[in-house]
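Chains, contacts and geometry: an overview
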Amino acid sequence: MNEIKCIFCETESDRIVIEENGYQGKQCDQCGLIYISPRPSFDEIIDLYGHDEAYISAQSHISDDFAKRLYAKHHLKIIRSVIKSGSLLEIGAGAGYFLDEASKIGFEPYGLEFNPVQADFVRNQLKIPCQESPLSKSVFNGKKFDIVYHCDVISHLFDPISDFKQMHQSMKDESFLIFETGNLGEVDQKYFEYVPSFQYPDHLFFFSSDNLINLLEQTGFELVKIYRYSLAPQLITKKSLSNIKNSIKNIFRTSTDKTIKEKKPTADRDDVESQSTDVKSFSAKSSLKQSLKGVYLYVYRYCMYLLRYKIGRIAPKVHRPQTVIVVAKKSAVS
């Protein structure tokens with residue numbers, strides 16, 4: 001664990017704005033960047049993903065194909081507005097559903113993913129080239145790409161400036177860098193209570209829009225466009241649903257405890273005769289429960305998608321939580 005400075009201003013900050021899981025997020029007084037300090041070493045961060053100990057497990061990524069494909073189709077429309085085809089590298093490919101959707105519309109997909117379970121799924125189930133390594137000159141035999149893409153990855157990067165320079169070196173001339181991230185570095189702290197988790201120590205940085213523009217300029221990219229989506233509708237809905245869920249759990253817990261206390265013992269013969277019926281009833285209820293859960297998750301994830309990218313597209317407010325999709329073009333000189 002080492003203390004670090006703001007990567008843009010190279011100044012130290014004592015202003016702690018986030019505390020979670022024993023880690024502190026400090027905010028730079030000059031540019032607004034939020035960064036973990038002290039933070040884990042690079043090897044510790046790699047180990048986090050290599051042993052599937054990140055905030056979201058590999059299996060969760062793999063099972064969430066419906067939502068991830070929805071998001072992928074939305075993002076690919078933006079990508080196709082600037083480039084129609086070509087080789088596409090995704091950094092932090094997860095379960096590979098974005099790459100799979102990209103391949104369906106003519107892109108040549110490649111992935112980088114630290115998590116071995118997910119990387120194996122991408123290679124063997126989706127049949128997409130995927131390496132378990134950080135971006136370097138040697139990945140995919142030094143191949144240059146038309147598009148480099150990542151989603152919710154920049155906050156995980158150990159050295160964003162160095163990593164963006166490496167992205168620049170891995171791209172062809174006239175190619176595009178497209179990524180999604182949040183804007184927490186410019187968000188009023190009163191909205192932090194709506195963020196269910198900051199996912200420390202997975203996340204190492206939270207950026208503002210000015211931070212992102214600065215990062216692009218320092219590493220050889222020209223900003224083309226920023227798409228902004230308000231997260232307020234999604235975050236408020238999630239918090240409301242969580243409160244309702246907890247209230248229902250408390251009601252059922254109280255009701256169950258009361259039933260157990262009031263239940264009278266029955267004769268052994270009655271127990272034997274009712275046992276078969278109880279098993280059948282339990283099996284039927286379990287099957288119905290799983291079906292209803294599946295429908296609920298389908299509706300929930302689709303609603304979250306609509307709240308994020310459709311409703312959230314309408315007039316996102318300054319200093320409120322947003323997710324932004326940044327489209328940048330490789331400049332001639334890095």
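Each chain carries its own residue numbering, running from 1 in the direction its sequence is written. Local features are withheld for residues below a pLDDT of 70 in this predicted model, meaning they are given only at 70 or higher, and side-chain atom pairs are given and counted only at 80 or more; totals for whole chains, interfaces and linings count all residues. Excluding hydrogens and water, the side-chain values take into account all heavy atoms of the structure.

So, the sheet that holds strand β9 (residues 205–206)
Selection criterion: At least two bridges found by DSSP between two strands is the condition for calling them paired. We count a stretch as a helix when DSSP gives it H or I for four or more residues in a row; a strand needs E for two or more, and each element gets its number in order from the N terminus.
The strand order across the open sheet built from four strands is β1-β2-β3-β9, with neighbouring strands paired in antiparallel fashion. At either end of the open sheet lies a strand with only one pairing partner, and these are β1 (16–20) and β9.

Let's talk about the packing of helix α6 (residues 160–169) against helix α7 (residues 209–218)
Our working definition: Where helices are involved, their axes are fitted lines through C-alpha atoms of the stretch in contact, as for all axes, and angles between N-to-C directions lie from 0 to 180°. What sets the label is the angle itself: under 35 degrees gives roughly parallel, over 145 gives roughly antiparallel, 65 to 115 gives roughly perpendicular, and the rest give oblique. Each crossing is labelled by how the near helix is turned from the far one, with a counterclockwise turn of less than a right angle marking it left-handed and a clockwise turn marking it right-handed. A contact between two residues is defined here by any heavy atoms of the two lying within 4.5 Å. In this classification, the charged set is Asp, Glu, Lys and Arg, the nonpolar set is Ala, Val, Leu, Ile, Met, Phe, Trp, Tyr, Cys and Pro, and all remaining amino acids, among them Gly, are polar.
Contact pair α6 / α7: the axes reach a minimum separation of 9 Å and the direction vectors enclose 50°. In this view, α6 runs oblique relative to α7, as classed from their interaxial angle. Viewed along their axes, α6 and α7 form a crossing whose handedness is right-handed. Across the interface between the two elements, P160, I161, F164 and K165 from α6 touch L215, L216 and Q218 from α7. Looking at the contact of α6 with α7 residue by residue, the class counts come to five nonpolar, one polar and one charged.

Points about the sheet that holds strand β8 (residues 171–182)
If you trace the seven strands from one edge of the open sheet to the other, you get β6-β5-β4-β7-β8-β11-β10, paired in mixed fashion. Here the strands that pair on one side only, and so sit at the sheet edges, are β6 (130–131) and β10 (221–230). For strand β4 (residues 86–91) and strand β7 (residues 145–151), the ladder comprises three bridges, and the chain directions are parallel. Note on β7: the bridge partner recorded for E90 is Y149. Of the strands in this sheet, β4, β5 (107–112) and β7 touch helix α4 (residues 97–104), which is tilted by about 165° from β5.

Observations concerning the pairing of β8
Definition in use: Call a crossover right-handed when, viewed with both strands pointing away from you, the route from the first strand across the helix to the second goes clockwise.
Strand direction decides the pairing type here: β7 and β8, joined by six bridges, are parallel. Paired with C151 across the two strands is E180, which belongs to β8. For the segment spanning β7, α6 and β8, crossover handedness is right-handed. With seven bridges connecting them, β8 and strand β11 (residues 322–330) associate as antiparallel partners. Within β11, the position partnered with T181 by the bridge is V324.

So, the packing of helix α3 (residues 65–80) against α4
The contact between α3 and α4 brings their axes to 8 Å, and the two run at 50°. Relative to α4, the element α3 is oriented oblique. For the pair α3 and α4, the crossing hand works out as right-handed. Mapping the contact onto sequence places D65, K68, R69, A72, K73, H75, L76 and I79 in α3 and Y97, F98, D100, E101, A102 and K104 in α4. Tallied by class, residues from the contact of α3 with α4 come to six nonpolar, one polar and seven charged.

Some details on unusual backbone geometry
Only a minority of non-glycine residues have a phi that is not negative, and only a minority of peptide bonds are not trans. Applied cut-off: Residue burial is assigned from relative accessible area. The probe radius is 1.4 Å, only protein chains are included, and a residue is buried under 20% of its type maximum, exposed over 50%, and partly exposed in between.
A cis amide bond links S37 with the next residue in sequence, P38, at an omega value of 0°. Position of P38 relative to the elements: it lies in the loop between β3 (34–36) and α1 (42–50). Cis geometry is adopted by the peptide bond preceding P201, which originates at Y200 and carries an omega value of 5°. In this structure, P201 sits in the loop between β8 and β9. Positive phi, normally seen in glycine, also occurs at E10, with a value near 55°. In the Ramachandran plot, E174 falls in the positive-phi region, its phi being about 65° despite a non-glycine side chain. By secondary structure assignment, the location of E174 is in strand β8. Residue classification places E174 among the exposed positions, given a relative accessible area of 54%.

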